[in-house]
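Observations on chain architecture
As a plain string of letters, each chain reads:
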Amino acid sequence: MAIQLRPYQQAAVDAFFQALAEGRKRQLIVLPTGAGKTIVFGSVARRFHEEVSRERPILVIAHRTELLDQAEQKIHFVWPEAFIGRIQGARNEQLGDVLLASTQTLVAGRRIPQPGLIIYDECHHSRAEGALGVLERLGVFESDGPPLLGVTATPSRSDRTELGDIFEHLTYERTILDMIMDGYLSDVRGVKVEVPGLNLGAIRTTAGDYNSKDLSYVMNIESALDAVVDAVVTHAPGRKCLVFAVDVKHAHALAERFQKRGIACAAVDGAMKAEERAAILQAFAENRLCVLVNCQILTEGYDQPDVDCVVIARPTRSQALYVQMVGRALRLHPDKTDALVLDLTGASDDKSLQTFARLMRTQRKTATHALVGAEEGEDAVPMEDGESVGEWLTRVAQKRELAEQVAQAINLFANRSRYRWVRVKDNFAIAYGHDGWAYLYRDGDEFWPVLELKNEKFMPLHDRSLPLEYAQGVVEGFLSLFESSLITKEADWRNAPMTERQKYVLQKYRIRYDDTWTRGMAADALGQRFAAKRVRVLQKNFDAQKWRDVLAQPHGQAWLEHRLMALRARAQARARVAQTS
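In this report, we go over the structure that sits alongside the text.

The rules behind the values
- Each chain has its residues counted from 1, following the order in which its sequence is written.
- The model is predicted, so local features are restricted to residues of pLDDT at least 70 and side-chain atom pairs to those at 80 or more, both for listing and for counting; the totals for chains, interfaces and linings are taken over all residues.
- Hydrogens are left out, water is left out, and the side-chain values use all remaining heavy atoms of the structure.
- For each structure, a 1 Å grid was placed over the protein atoms alone; sets of points admitting a 1.4 Å probe that cannot get out are labelled cavities, open sets with protein on both sides within 12 Å along at least five of seven lines are labelled pockets, and lining residues have an atom within 4 Å of a point.
- Grid points are joined across faces, edges and corners, and a volume is the space filled by probe spheres set on the points.
- Under the DSSP-based scheme used, a helix requires at least four consecutive residues in state H or I and a strand at least two consecutive residues in state E, with every element numbered from the N terminus.
- The nonpolar class holds Ala, Val, Leu, Ile, Met, Phe, Trp, Tyr, Cys and Pro. Asp, Glu, Lys and Arg form the charged class, and all remaining residues, Gly among them, are polar.
- Here's how the labels work: a residue is buried when its accessible area is under 20% of the maximum for its type, exposed when over 50%, partly exposed in between, all with a 1.4 Å probe on protein chains only.
- In this description, one arc is meant: the one made by directions from the helix axis to the C-beta atoms.
- Should any heavy atoms of two residues lie within 4.5 Å, those residues are considered in contact.
- In this analysis, rings of Phe, Tyr and Trp, with Trp reduced to its six-membered ring, are considered paired at centre separations within 6.5 Å, and the interplanar angle assigns stacked below 30 degrees, edge-to-face beyond 60, and tilted for intermediate values.
- Comment: the charge-over-ring label is applied if NZ (Lys) or CZ (Arg) is within 6 Å of the ring centre and within 35 degrees of the ring normal.
- Here the expected span of a helix is defined as 1.5 Å times the quantity of residues minus one.
- By salt bridge we mean one thing: a side-chain nitrogen of Lys or Arg within 4 Å of a carboxyl oxygen of Asp or Glu.
- At least two DSSP bridges between two strands are required for those strands to pair.
- Angles run from 0 to 180 degrees between N-to-C directions of axes, and those axes are lines fitted to C-alpha atoms, restricted for helices to the stretch in contact.

In this section: empty space enclosed by the protein. One pass over the full model with this rule turns up five cavities of 30 Å³ or more. There is about 140 Å³ of room inside the largest cavity. What lines the largest cavity is a set of 17 residues, and nearest its centre among them are K37, T38, Q70, D303 and R331. Of all the secondary structure elements, the ones that give two or more residues to the lining of the largest cavity are α2 (37-51) and α3 (65-78). With three residues, the single largest contributor to the lining of the largest cavity is α3. Across the lining of the largest cavity, the residue classes break down as four nonpolar, six polar and seven charged.

Before going further, it helps to spend a moment on helix α16 (residues 500-508). Of the residues making up α16, those classed as buried are Q502, K503, V505 and L506. Down the axis of α16, the smallest arc covering the buried residues is 165°, so these residues share one side. Away from the buried face of α16 by more than 90 degrees, exposed residues E500, R501 and K508 are located. For α16, the elements touching its buried residues are α17 (519-541). Taken from the residues just after α16, R510 is the one with a positive phi, measuring 55°.

Right, let's get into the packing of aromatic side chains. Under the definition given, this model contains twelve aromatic pairs. Between F542 and W547, the aromatic rings sit 6.4 Å apart at their centres with planes inclined by 20°, giving stacked as the arrangement. Across this residue pair, the class does not change: F542 and W547 are buried. The rings of Y441, W448, F542, W547 and W559 are connected pair by pair, giving a single aromatic cluster. In this arrangement the basic side chain of K240 is found over the ring face of F284, its NZ or CZ atom lying 4.9 Å from the centre.

Looking now at helix α8 (residues 222-235). Counting along an α-helix, one turn takes 3.6 residues, and residues three or four places apart therefore face a common direction. Taking 1.5 Å of rise per residue, the 14 residues of α8 would be expected to cover 20 Å, and the 20 Å separating its terminal C-alpha atoms lies within 8% of that figure. By the burial criterion, the buried members of α8 are A224, L225, A227, V228, V229, A231 and V232.

Tallied over the full model, the rule gives 31 salt bridges. A salt bridge links R86 to D69; the nearest nitrogen and oxygen atoms lie 2.6 Å apart. Of this pair, R86 sits in strand β3 (residues 84-88) while D69 sits in helix α3, and the two are 17 residues apart along the sequence. Judged by relative accessible area, R86 falls into the buried class, the value being 3%. Taking the relative accessible area as the measure of exposure, D69 reaches 40% and is therefore partly exposed. Note that D230 and R261 form a salt bridge whose closest N and O atoms lie 2.5 Å from each other. Of this pair, D230 sits in helix α8 while R261 sits in the loop between α9 (248-260) and β13 (265-268), placing them 31 residues apart in sequence. Relative accessible area serves as the criterion here: at 33%, D230 is assigned to the partly exposed category. One network of salt bridges, in which partners are shared, links R189, R239, D308, D338 and E391.

Turning our attention to the sheet that holds strand β15 (residues 309-312). The parallel open sheet is built from six strands, whose spatial order is β9-β16-β15-β12-β14-β13. Across the chains shown, the open sheet's two edge strands, defined by having one partner strand only, are β9 (188-194) and β13. If you compare each strand with its neighbour and ignore which way they point, the axes differ by 20° on average. Of the strand pairs in this sheet, strand β12 (residues 241-244) and strand β14 (residues 291-294) are connected by four bridges, and their pairing is parallel. Looking at β14, one finds that V243 is bridged to V293. Running over the sheet, α8 touches β9, β12, β14, β15 and β16 (339-345) and is turned about 150° from β16.

Turning our attention to the sheet that holds strand β19 (residues 436-443). Pairing in this open sheet of five strands is antiparallel, and the strands run β17-β18-β19-β20-β21 from one edge to the other. The open sheet has two edge strands, β17 (422-424) and β21 (458-460), and neither has a second partner. Strand after strand, the sheet turns through a mean of 30° between neighbouring axes, direction not considered. In this structure, β17 lies alongside strand β18 (residues 427-432), joined through three bridges in antiparallel fashion. Across the sheet, residue R423 finds its bridge partner in β18, namely F428.

To continue, consider unusual backbone geometry. Positive phi is not limited to glycine here, since N287 has a value of about 65°. Assignment of secondary structure puts N287 in the loop between α10 (274-285) and β14. In this model, N455 sits at a positive phi of 60°, which is unusual for a non-glycine residue. Its location among the elements puts N455 in the loop between β20 (446-452) and β21. Taking relative accessible area as the criterion, N455 reaches 70% and is therefore assigned exposed.

Shown next, in the form of structure tokens:
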């Protein structure tokens, strides 16, 4: 069963085919990290295969194994029956609806069947000489050559070489700011941390960014190493931190410094054996490490949605690189309130240094959201240090004297989800309606989106387990049919005084409270208690393996689709009745 696209993802897919019909052959789609670029191009691939041409394979090009692995997994989310082949190193699987190919393998001269469509993942790398030669060899610049779709979060290269000579049309673009405002990325705040004695303005520039050798020297001194650790201890206690270092030496020096402070930390770099690196990444995923330091290997193709702090211990002038680093903390996660970006800066301001506040100013100029019009001069509202995007845009709205309900609407997007999830160990639960419950049930490294039926029976909302952010999206898409103020995080009722009935139930369950509690605070405390009970029943009665076996069969998938259609129809009917009453 294919997952349902988010509205902006569907809009991006539709825009590609509209532009293709208009004769635009080399198209570019720009979406920030966490927006589901792979889901978008997987949907493009499926639709191209079904509506345009089945005769030739669709070629997906990427420069890293992690990106190819992601593509293989997520294309199957939107195109479950796709036959996918891999062309990389010793693998030469040239039969398939989709061929996933390593840039390096193609540059080395590997011959492949002529594709009907070429998709270039992280296409800001496509301007490199070898990659450009591959595109030329495949005929994308010929009048009768295959169409090309490039997807990226950063449409400019760090070496300032533009992509306009490759892509002729920017088909669709959404900024980080757009995505935060619409609730598809986590709210985020930036804090500048001054490194004593650091003068970035004095460092040489190479290819538009700080010279790596000079930067390594100044960031490896004792005071700079201590500044990074102090910043995490001061500003990010309890957060899951990903640190970006200048080079391998810097990465391991920082990891050692964190360890000396008693903080569980390790470093990864490209020279490590794959097994060693995988073990460290697994330890970080399982929260056995609080801090992970890396050197230029986790900027692309790395998904760890519960990372809620990024430390830029590798100052940069490149907005492309900066966006990639910040993006690692922006994905949604039910256990995440917001994200934090710690910018290591010098004592003197370097006007070219990328910081979070500077990024937001740039994003605001190109954002499409109606509430993000950029003011100039005296009307500008600068983002303050430590201020979240939600807090900043609330001030912007207030200064522009928007209606009170608009300012309130800006606050609604501040957290990563409209809904108030309750975490119970490794699972998540949410109550809706009068007595309904839905869940994210952990099954290995993935989660089942689950709905509780009557008589303590449970039904999945998808035909297999999914990565957490996708399972969360499936459940929240179902909940959105109800449009219930009972489950939204910022509903007005939450600020009202606690009711007598709530006091009675709190006392019954021996939950301590005081008279300052609001209805929302009481509801959260009771929800935590009730959720724990419901999750115990879920763990007892939901048999993941049984559902896996049933839904692996066509009749099982057909049964589930029928049940889900009936549930959606019933929920929509209730919503219509509620609107007319």
